[in-house]
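Breakdown of the fold
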Amino acid sequence: MRGILVDWLIEVHYKFELMEETLYLTINLIDMFLVVANHVPRKKLQLVGVTALLLACKYEEVSVPVVDDLIVISDKAYTRREVLDMEKLMANTLQFNFCLPTPYVFMRRFLKAAQSDKKVELLSFFIIELCLVDYEMLQYAPSRIKF
């Protein structure tokens, strides 16, 4: 289920033309929330994903998508009130700790230190994006996912 959600969020991320950091922070927020939350029903996973995207946008982006746009992109499965309530729940559950290390940040620093060319950069970012979808990669620290 997580893989389907992450795959959908990647598409939404590209549709809204958001920064890469926002995508990785979104996935981190989802994973951290699912670890701390006692039980999230299957039908609320997309709500968690949309809300994590909203929180990540507020943290990383200059221009944040409107809540109504996020509702439309989720096929109007949730109301504005549900998204805002979930935002409050996630922020409180995570104790407003949104400054999390992501594989993207480590990869960017590693590639800069290695003075890599554009092909290596594109391939590296593609591989770590594939790692976002794979549940098995959660066992590794973000600094270890740089191949």
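Rules used throughout
- In this convention, every chain numbers its residues from 1, walking through the sequence in written order.
- In view of the model being predicted, local features appear only for residues whose pLDDT reaches at least 70, and side-chain atom pairs are presented and counted only at 80 or more, with totals across whole chains, interfaces and linings using the full set of residues.
- Neither water nor hydrogens contribute to the side-chain values; these are computed over all heavy atoms in the structure.
- By definition, any uninterrupted DSSP run of H or I lasting at least four residues is a helix, any uninterrupted run of E lasting at least two residues is a strand, and each is numbered from the N terminus.
- Multiplying 1.5 Å by the residue count of a helix minus one yields the expected span of that helix.
- Only protein chains enter the accessibility calculation, which uses a 1.4 Å probe; a residue is then buried when its area is under 20% of its type maximum, exposed when over 50%, and partly exposed in between.
- In this description, the arc belongs to the directions extending from the helix axis to the C-beta atoms.
- In this description, contact between two residues means that some pair of their heavy atoms is separated by no more than 4.5 Å.
- Each nonpolar core is a collection of buried residues, namely Ala, Val, Leu, Ile, Met, Phe, Trp, Tyr and Cys, held together in the definition by side-chain atoms within 4.5 Å.
- UniProt positions are given in the numbering used here, feature names are shortened, and annotations may be inferred rather than shown by experiment.

A separate point is helix α1 (residues 2-15). Counting along an α-helix, one turn takes 3.6 residues, and residues three or four places apart therefore face a common direction. With 14 residues, α1 should reach 20 Å at 1.5 Å per residue; the first-to-last C-alpha distance of 20 Å fits that figure. Residues Arg2, Leu5, Val6, Leu9, Ile10, Val12 and His13 constitute the buried set of α1. Each buried residue of α1 sits inside an arc of 165° when the element is viewed along its axis, so together they form one side. What points out from α1, more than 90 degrees from its buried face, is the exposed set Ile4, Glu11 and Lys15. In the core, the buried residues of α1 are packed alongside α2 (20-36), α3 (45-60), α4 (67-73) and α7 (118-133). Backbone geometry just after α1 places Glu17 at a positive phi near 55°.

Relative to the assigned elements, Thr22 resides in helix α2. Residue classification places Thr22 among the buried residues on the basis of a relative accessible area of 0%. The contact partners of Thr22, leaving out residues within four places of it in the chain, are Leu53, Ala56, Cys57, Glu60 and Glu61.

What follows concerns the nonpolar core. The biggest cluster of nonpolar side chains holds 41 residues, and the ones touching the most others in it are Leu29 and Phe33. Elements that contribute at least two residues to this core include exactly α1, α2, α3, α4, α5 (80-93), α6 (103-114) and α7. A total of ten residues in this core trace back to one element, the largest contributor, which is α3. Apart from residues lying up to four places away in sequence, Phe33 is in contact with Val40, Val48, Met86, Leu89, Met90, Thr93 and Leu94.

This brings us to the UniProt feature "domain: Cyclin-like" (unreviewed entry) in the protein. UniProt's entry tags residues 7-92 with the feature "domain: Cyclin-like" (unreviewed entry), counted in the numbering of this structure. Segment residues 7-92 splits into 72% helix and 0% strand. End C-alpha atoms: 26 Å apart.

Structurally, Val72 can be placed in helix α4. A relative accessible area of 52% means that Val72 is categorised as exposed. Sequence separation of Val72 and Leu111 is 39 residues, and the distance between their C-alpha atoms is 37 Å.

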